[in-house]
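Summary of structural features
Next come the chains, spelled out residue by residue.
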Amino acid sequence: MSYSSDVKAELLGVFPKAVHCRMAELAGIISISGRIQFTDGKKFMAIRSDNDDFEEKVVRLLRVVLSDSDDFYTKSNELKHHRKILIGDGTDIDTIFLKLKLKEDGTRISVDEIITERACCKKAFLRGTFLAGGSIGSPEKSYQYEIPTLSESEADKLIRIIESFDLKARKVKRRDRYVVYVKDGNTISSILGHMGAVNSLMEFENIRIVKDLRNVVNREVNCDAANMAKIAGAARKQLEDIEFIESKAGLESLPENLYEMAVMRKMYPYLSLTELGEMFDPRIGKSGVNHRLRKLSEYADGLR
């Protein structure tokens, strides 16, 4: 299973205690997966489904709004990927629309923001929208949280709910959908917590810690490698100058301080300037070593 599937599996087991939160979660599901459809002249509310567990939760939430019987819905599994829960009685549809503050927009269904006035209901609504159509990328690869909505107004509504928790979300249009998305790890972590995915949140944070630690190590290794390459390149040029002086005039032609530096650099070709200075007695500072090596380079250029 993917990480996103694991999150949904956990959220399917979260059932709010308060009736208003159950209604908000159902409204969130319907805002993403709900449609109005007409079949054989009859009006239905259709809620798209992916699996039995999701259908079971939707039916359980619907019972809060309608009744304890199973007469108010039927299942339609026309194709493997086109499962639906159908509510066909006109009275039942009217009741759902009234209690959940829903509105028809052609075949689409919109939700009045009054259903998410409470902070707890906002969290339940977020959970419902994610269960209905959201996804979260594996934190091992990238940080990506997405929920596709049917209209720009629904996307804006979802963004306002997320921003009510002092979090940032954005939207982008893809074909006929407006996708609400988040790419920040801290924000996704907070959203997981607000939705009630406690175990998934812990897993997400554990992966982030390992990933961040690995990135720190890689940066340090890359930095060390770059420094090593820089030191090696500078040392190679210095050795070329010293060898040229030795072949043209001999190292004995150098002043004593430069002679000592030339000999020491030949002995320790890959030490940094600081490390090279520590080989002298008394020790020479980094700037002093750099000054003498620069003089050797100028001496070699003069011979050239």
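Residues numbered from 1 in each chain as written. Predicted model: local features only at pLDDT ≥ 70, side-chain atom pairs only at ≥ 80, totals over all residues. Heavy atoms only, no water.

**Focus: the sheet that holds strand β3 (residues 74-77)**
- The four strands lie next to each other as β1-β2-β4-β3, forming an open sheet whose pairing is antiparallel. The sheet is open, and its two edges are formed by β1 (34-39) and β3, each paired on a single side. The mean angle between the axes of side-by-side strands here comes to 35°, regardless of whether they run parallel or antiparallel.
- Packed onto the sheet, helix α3 (residues 52-65) meets β2 (42-49), β3 and β4 (83-87) and runs at close to 15° relative to β4. (Pairing = 2+ DSSP bridges. Helix = DSSP H or I, 4+ residues; strand = E, 2+ residues; numbered from the N terminus. Axes fitted to C-alpha atoms, helices over the stretch in contact; angles between N-to-C directions. Contact = heavy atoms within 4.5 Å.)

**Considering the layout of surface pockets**
- What the largest pocket holds in volume is close to 300 Å³.
- Surrounding the largest pocket, 17 residues form its lining, A234, Q238, R265, L273 and N290 being those nearest its centre.
- Only α8 (198-248), α10 (273-277) and α11 (286-303) provide two or more residues apiece to the lining of the largest pocket.
- Sorting elements by how many residues they give to the lining of the largest pocket places α8 first, with seven residues.
- Grouping the amino acids of the lining of the largest pocket by side-chain chemistry returns six nonpolar, five polar and six charged.
- Each pocket or cavity is described by its volume, and for the second largest pocket that value is around 200 Å³.
- In terms of lining, the second largest pocket is formed by M1, S5, K8, A9, L12, D50, N51, D53, F54 and L131. (1 Å grid on protein atoms, 1.4 Å probe; cavity = no way out; pocket = protein on both sides within 12 Å on 5 of 7 lines; lining within 4 Å. Points joined across faces, edges and corners; volume = space filled by probe spheres on them. Nonpolar A, V, L, I, M, F, W, Y, C, P; charged D, E, K, R; others polar.)

**Details of empty space enclosed by the protein**
- Summed over the entire model, instances satisfying the criterion amount to one cavity of 30 Å³ or more.
- The space that makes up the largest cavity amounts to roughly 50 Å³.
- In terms of lining, the largest cavity is formed by S31, I32, F125, T129, T149, E154, K157 and L158.
- At the level of secondary structure, the elements contributing two or more residues to the lining of the largest cavity comprise α2 (19-33), α5 (119-133) and α6 (152-163).
- For the lining of the largest cavity, the element with the most residues is α6, which contributes three residues.

**Focus on the sheet that holds strand β7 (residues 135-136)**
- The four strands are arranged β7-β8-β10-β9 in an open sheet whose pairing can be described as antiparallel. The sheet is open, and its two edges are formed by β7 and β9 (170-174), each paired on a single side.
- Direction of pairing for β7 relative to strand β8 (residues 145-149): antiparallel, over a ladder of two bridges. When the sheet's bridge partners are listed, S135 is paired in β8 with E146.
- Across the sheet, α6 is in contact with β8, β9 and β10 (177-182); its angle to β10 comes to roughly 15°.

**Thoughts on the packing of aromatic side chains**
- Inspection of every chain in the model, using the stated rule, returns three aromatic pairs.
- Centre to centre, the rings of Y3 and F204 are 6.3 Å apart; their planes meet at 40°, and the pair counts as tilted. Here Y3, found in helix α1 (residues 3-12), pairs with F204, found in helix α8; they are 201 residues apart in sequence, far enough to count as distant. Considered together, Y3 and F204 belong to a single accessibility category, that of buried residues.
- Between F130 and Y145 the ring centres are 6.1 Å apart and the planes differ by 5°, which places this aromatic pair in the stacked class. Highlighted residues: F130 in helix α5 and Y145 in strand β8, separated in sequence by 15 residues. This pair shows no difference in class: F130 is buried, exactly as Y145 is.
- Aromatic ring contacts, followed pair by pair, group Y3, Y143 and F204 into a single cluster.
- Taking the ring centre of F130 as reference, the NZ or CZ of K8 above it sits at 5.6 Å. (Phe/Tyr/Trp six-rings, centres within 6.5 Å; stacked < 30°, edge-to-face > 60°. Buried < 20%, exposed > 50% of the residue type's maximum accessible area, 1.4 Å probe, protein only. Lys NZ or Arg CZ within 6 Å of the ring centre and 35° of its normal.)

**Topic: unusual backbone geometry**
- In this model, D281 is joined to P282 through a cis peptide bond whose omega is 5°.
- Considering the arrangement of structural elements, one finds P282 in the loop between α10 and α11.
- Positioned with a positive phi, K101 is a non-glycine residue whose angle comes to about 60°.
- Turning to its location among the elements, K101 is positioned in the loop between α4 (90-100) and β5 (102-105).
- Of note in the backbone geometry, R175 takes a positive phi value of approximately 55° without being a glycine.
- One can find R175 in the loop between β9 and β10.

**So, the confidence of the model for the protein chain**
- Confidence in the prediction of the protein chain, expressed as mean pLDDT, is 87, and 97% of residues score 70 or more.
- For the protein chain, per-element mean pLDDT is lowest for β3, which scores 76, and highest for α5, which scores 95. (pLDDT = per-residue confidence, 0-100.)

**Here we look at α6**
- The end-to-end C-alpha separation of α6 is 16 Å, in line with the 16 Å expected for 12 residues at 1.5 Å each.
- Of all the positions in α6, only E154, A155, K157, L158, I159, I161 and I162 are classed as buried. (Expected span 1.5 Å × (residues − 1).)

**Comments concerning the pattern of salt bridges**
- Applying the stated rule across the entire model yields 15 salt bridges.
- One salt bridge connects K171 with D156, and the closest N-O pair in it is separated by 2.6 Å. Here the residue K171 occupies a position in strand β9, and D156 occupies one in helix α6, the gap between them amounting to 15 residues.
- Owing to a relative accessible area of 31%, K171 belongs among the partly exposed residues under this scheme.
- The closest approach of N and O atoms between K266 and E246, which form a salt bridge, is 2.9 Å. In this pair, K266 is assigned in helix α9 (residues 256-267) and E246 in helix α8, connecting sequence segments 20 residues apart.
- We classify E246 as partly exposed; its relative accessible area is 36%.
- The structure contains a network of salt bridges with shared partners spanning E25, K57 and R127. (Salt bridge = Lys/Arg side-chain N within 4 Å of Asp/Glu carboxyl O.)

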